[in-house]
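One letter stands for each residue in the lines below.
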Amino acid sequence: MEGSPRIQMEKASKIMRRSIYIFLQNYQYLTATAALLAFPCSASILLSQFFVPSSPLLPTIHNRLRVLFQAAGFPPSSKFFTILSFKISQTISSSIFALPLTLSFLLIAKSSIIKLLNHHKPNLQPPSFSSVISLYKPLLATYICNFLLLLSANATAFSLLLFAFNFLQGLEFPSPNWLPFLSVTAAVVYSIIVANALIICSLALVSSGMERSGGYLAILKACVLIRGRTSTALTLAVPVNLVMAAIEALFHYRVVRAYHTGDLTSFPMALEGILIVYLYSIFVVLDTVVSCMFFKSCKTGYLTDQEGRYTYRIEIAEEDGYTYVKLKNIEPLP
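Throughout, residues of each chain are indexed from 1 in the direction in which the sequence is written. With the structure being a predicted model, the display of local features is reserved for residues of pLDDT at least 70 and the display and counting of side-chain atom pairs for 80 or more, all residues being used for whole-chain, interface and lining totals. Where side-chain values are given, they derive from all heavy atoms of the structure, hydrogens and water being excluded.

What's the story with the overall build of the protein chain in this structure? I'm lost.
Within the protein chain, the regular secondary structure consists of ten helices and three strands. Reading the protein chain from its N terminus to its C terminus gives the helix and strand order α-α-α-α-α-α-α-α-α-α-β-β-β. Think of it in three bands: residues with accessible area under 20% of the maximum for their type are buried, residues over 50% are exposed, and the middle band is partly exposed, with areas taken using a 1.4 Å probe on protein chains only. In the protein chain, which comprises 334 residues, the share counted as buried stands at 40%. Contacts are assigned to residue pairs with any non-hydrogen atoms lying within 4.5 Å of each other. Considering only contacts within the protein chain whose residues lie at least 6 apart along the sequence, 74% involve residues at least 24 apart. Surface exposure here means Shrake-Rupley accessible area, sampled with a 1.4 Å probe, where a residue is shielded only by the protein chains that are shown. Counting only carbon and sulfur atoms, one obtains 67% of the accessible surface of the protein chain, whose full area is about 18600 Å². What counts as a helix is a DSSP run of H or I of at least four residues, what counts as a strand is a run of E of at least two, and both are numbered from the N terminus.

How should I be thinking about the environment of I193 in this particular structure?
Tracing the backbone shows I193 in helix α7 (residues 178–211). Among all residues touching I193, those that are not within four sequence positions of it are A153, A157 and L160.

I keep staring at the packing of helix α1 (residues 12–25) against helix α9 (residues 230–261) and nothing clicks. Help me out?
For any two helices packed against each other, one specifies the crossing angle of their axes together with the interaxial distance. Between α1 and α9, the shortest axis-to-axis distance is 9 Å and the interhelical angle comes to 50°. With respect to each other, α1 and α9 are oriented oblique. Of the two possible hands of crossing, α1 and α9 adopt the one that is right-handed. Two secondary-structure elements touch here, α1 through A12, I15 and M16 and α9 through T232, T235, L236 and V240. Only Asp, Glu, Lys and Arg are considered charged in this grouping, and only Ala, Val, Leu, Ile, Met, Phe, Trp, Tyr, Cys and Pro are considered nonpolar; every other residue, Gly among them, is considered polar. Among the residues forming the contact of α1 with α9, the class breakdown is five nonpolar, two polar and no charged. Axes here refer to lines fitted to C-alpha atoms; in helices the fit is confined to the stretch in contact. Angles between the N-to-C directions go from 0 to 180 degrees. Note that the term roughly parallel is reserved for angles under 35 degrees, roughly antiparallel for angles over 145, roughly perpendicular for angles of 65 to 115, and oblique for everything else. Handedness of a helix crossing follows the sense of rotation of the near helix relative to the far helix, less than a right angle counterclockwise being left-handed and clockwise being right-handed.

Help me understand the pattern of salt bridges in this model?
Any two side chains of opposite charge can pair, so long as their charged atoms come close to each other. Any Lys or Arg side-chain nitrogen found within 4 Å of a carboxyl oxygen on Asp or Glu counts as a salt bridge. Using the criterion set out here, one finds two salt bridges in the structure. Across the pair E272 and R254 runs a salt bridge, and its minimum N-O distance is 2.7 Å. In this pair, E272 sits in helix α10 (residues 267–299) while R254 sits in helix α9, placing the two residues 18 residues apart along the sequence. By relative accessible area, which is 22% here, E272 ends up partly exposed.

Even after reading the chapter, I still don't get the packing of aromatic side chains, so can you show me in this structure?
Aromatic ring pairs: the centre-centre distance and the angle between the two ring planes describe each pair. Side-chain rings of Phe, Tyr and Trp (the six-membered ring for Trp) are treated as a pair once their centres are within 6.5 Å; stacked means planes under 30 degrees apart, edge-to-face means over 60, and tilted covers the remaining angles. In the structure shown here, the tally under the stated rule is six aromatic pairs. Here F23 and Y27 contribute two aromatic rings whose centre-to-centre distance is 6.1 Å and whose plane-to-plane angle is 90°, an arrangement assigned as edge-to-face. Residue classification places Y27 among the partly exposed residues on the basis of a relative accessible area of 45%. Plain terms: the ring middles of F158 and Y190 are 5.6 Å apart, the flat faces sit at 15° to each other, and that makes the pair stacked. Here the residue F158 occupies a position in helix α6 (residues 136–170), and Y190 occupies one in helix α7, the gap between them amounting to 32 residues. Like F158, the residue Y190 is buried in the burial classification. Taken together, the ring pairs in this structure connect F50, F51, F97 and F251 into an aromatic cluster.

Would you mind showing me how to read a nonpolar patch on the surface here?
Patch membership needs two things, relative accessible area over 30% and no salt bridge, and members are linked within 9 Å if like-charged or within 5 Å if nonpolar (Val, Leu, Ile, Met, Phe, Trp, Tyr). A contiguous nonpolar surface patch, about 430 Å² in accessible area, is contributed by F267, L271, I274 and L275. Take L275: it is sitting in helix α10.

Looking at this structure, I do not really get the packing of α1 against α10. What am I missing?
Where α1 contacts α10, the axes come no closer than 9 Å and their chain directions differ by 125°. Here α1 is positioned oblique relative to α10, judged by the angle of their axes. Between α1 and α10 lies a crossing of right-handed hand. Across the interface between the two elements, I15, M16, R18, S19, I22 and F23 from α1 touch I282, V285, L286, V289, V290, M293, F294 and S297 from α10. Among the residues making up the contact of α1 with α10, the classes are represented as eleven nonpolar, two polar and one charged.

What is the right way to read the side chain of T31 from this model?
For T31, the location among the structural elements is in helix α2 (residues 27–51). In this structure the side chain of T31 is engaged in a polar contact, spanning 2.5 Å, whose partner is the backbone oxygen of Y27. A polar contact is formed between the side chain of T31 and the backbone oxygen of Q28, at a distance of 3.1 Å. Apart from residues no more than four positions distant in its own chain, T31 is found in contact with F23, Y278 and I282. Counted as a polar contact is a pair of N or O atoms within 3.5 Å, where, for protein atoms, one must be capable of donating a hydrogen and the other of accepting one, and residues adjacent in sequence contribute only when both atoms are in side chains.

Would you mind showing me how to read the side chain of S111 here?
Structurally, the position occupied by S111 is in helix α4 (residues 79–117). Apart from the residues lying within four places of it in its own chain, the contact partners of S111 are V132, L135, Y136 and L139.

And the structure:
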């Protein structure tokens, strides 16, 4: 139904162009937000490349995950689960290292951007600090619920993979080449599940700021809004995340490697590291702008019933402290 021409929604390219236009329209405010609020969290994420590999936390988490995978029955000869356990260990260690600044500076930065974009007409005045702080509490509650959602998504993915591996082992699969094929399939399934969970988390975080209702309710709203728009969300998320991954690789190539070779003591190299962190902060801000534009697109989207050929509008309304989803008929199609 997502690819049906009856579904009236904005294309990913149009949302991206609109997001870039909004970013340039509010260039001074958003770049200042990147420099003052998003910069500390971005620095902690990139600097984790210095401290995480040498910290005792990484091997501890990696060993526990490896033992857990072996106890669950995953084949120890599979390179996929070896790489997966190491990457998850790196992600958990980096997240723990950056957690204090993520819960403070990053959420305040997102609050300021959401507050700026939560209007229907151009806002000539930047939002006040008190109005920005008022969004922090729902964003914090949603961020905690997002963590639980990601934990559940990973557990679901591992359960499905465990069932598949044990099922094939019980059938005594005759081909010796089944393990690489199943590992590739497992990588695809795991990526799809985690990618959808991350999209819902990102949309829920914006929803909590736009609607001022955080926690699990924002996640439920995101699940309703994302229905039929998953490919659009992936198309929007992939370019920004690829650029941010490239910036992380650039920081590792230019700064981390220079640190290990002893060249980081020079002032130009340190200045280059600061510029790379600021560039990363810019894309953190741009990613939030894209998420806000996508949320507005979803909220005003249309859904067409294939059988009755009627057009409906999905509206999420709140009245007397209760939030409900309303489906309004607009007009019959010819």
